[in-house]
Amino acid sequence: MTDVKVVAAAGTRCGTCAEALYLTAQVPQPRSSRTRTVGLCPQCDAGRPETQGLLAYFAEHQRVRPEDLHQVHELVGRWLEALTERADRDGSLAADVEAWWAARAG
């Protein structure tokens, strides 16, 4: 995973439920030079095991405390790993669909 940029959401709202986001991440798209921006939403991401610790941390703390840097780094890593795994699956599906259409046309 390279070139991922994570920042505090600073008042950004979730596009799905309009809840205030905790973080946003710019994640590279597989097999592309583009990125997508993904938010950490306390409502939409509440059911995802990989976000539980991170959501709990930001529910209690508005900012990352210096003594918690290592812990938050690990939690962000789990979230990003899950995001990139999802992006890889999504990208694979898109590639499969494209190949299927190409085979039909040929």
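Note that the coordinates shown come from a computational prediction; the quantities given were computed from them, not determined experimentally. (Residues numbered from 1 in each chain as written. Predicted model: local features only at pLDDT ≥ 70, side-chain atom pairs only at ≥ 80, totals over all residues. Heavy atoms only, no water.)

J.: Quick question: what am I supposed to make of the nonpolar core here?
T.: L23, L54, W79 and L83 are the most contacted members of the largest nonpolar core, which has 15 residues in total. Mapped by element, the contributors of at least two residues to this core are β2 (23–28), β3 (35–40), α1 (52–60) and α2 (69–105). Looking at which element gives the most residues to this core, the answer is α2, with 6 residues. (Core = buried A, V, L, I, M, F, W, Y, C linked by side-chain atoms within 4.5 Å. Buried < 20%, exposed > 50% of the residue type's maximum accessible area, 1.4 Å probe, protein only. Helix = DSSP H or I, 4+ residues; strand = E, 2+ residues; numbered from the N terminus.)

J.: I keep staring at the pattern of salt bridges and nothing clicks. Help me out?
T.: Where side chains of opposite charge bring their charged atoms close, a pairing between them can arise. Tallied over the entire structure, the rule returns 3 salt bridges. One salt bridge connects D45 with R48, and the closest N-O pair in it is separated by 2.4 Å. (Salt bridge = Lys/Arg side-chain N within 4 Å of Asp/Glu carboxyl O.)

J.: What is the right way to read the packing of aromatic side chains from this model?
T.: Considering all chains together, one arrives at 2 aromatic pairs under this definition. Look at Y22 and F58: their rings are 5.7 Å apart centre to centre, the planes differ by 35°, and that puts the pair in the tilted class. Placement of Y22 in the loop between β1 (5–8) and β2 and of F58 in helix α1 is noted, with a sequence separation of 36 residues between them. Plain terms: the ring middles of Y57 and F58 are 5.5 Å apart, the flat faces sit at 90° to each other, and that makes the pair edge-to-face. Grouping residues by exposure puts Y57 and F58 together as buried. (Phe/Tyr/Trp six-rings, centres within 6.5 Å; stacked < 30°, edge-to-face > 60°.)

J.: I would appreciate a short explanation of the side chain of D45 in the present structure.
T.: Mapping D45 onto the fold places it in the loop between β3 and α1. Residue classification places D45 among the buried residues on the basis of a relative accessible area of 5%. In this structure the side chain of D45 is engaged in a polar contact, spanning 2.4 Å, whose partner is the side chain of R48. In this view, D45 contacts G39, L40, T51, Q52 and L55; residues no more than four positions away in its chain are not counted. (Polar contact = N/O pair within 3.5 Å; in protein donor to acceptor, adjacent residues only side chain to side chain. Contact = heavy atoms within 4.5 Å.)

J.: Would you explain the environment of Y22 in this entry?
T.: For Y22, a relative accessible area of 23% translates into the label partly exposed. In the structure, Y22 is positioned 32 residues away from L54 in sequence and 9.2 Å away in space, judged by C-alpha atoms. Residues contacting Y22, with those up to four places away along its chain left out, are A8, A9, L40, P42, L55, F58 and A59.

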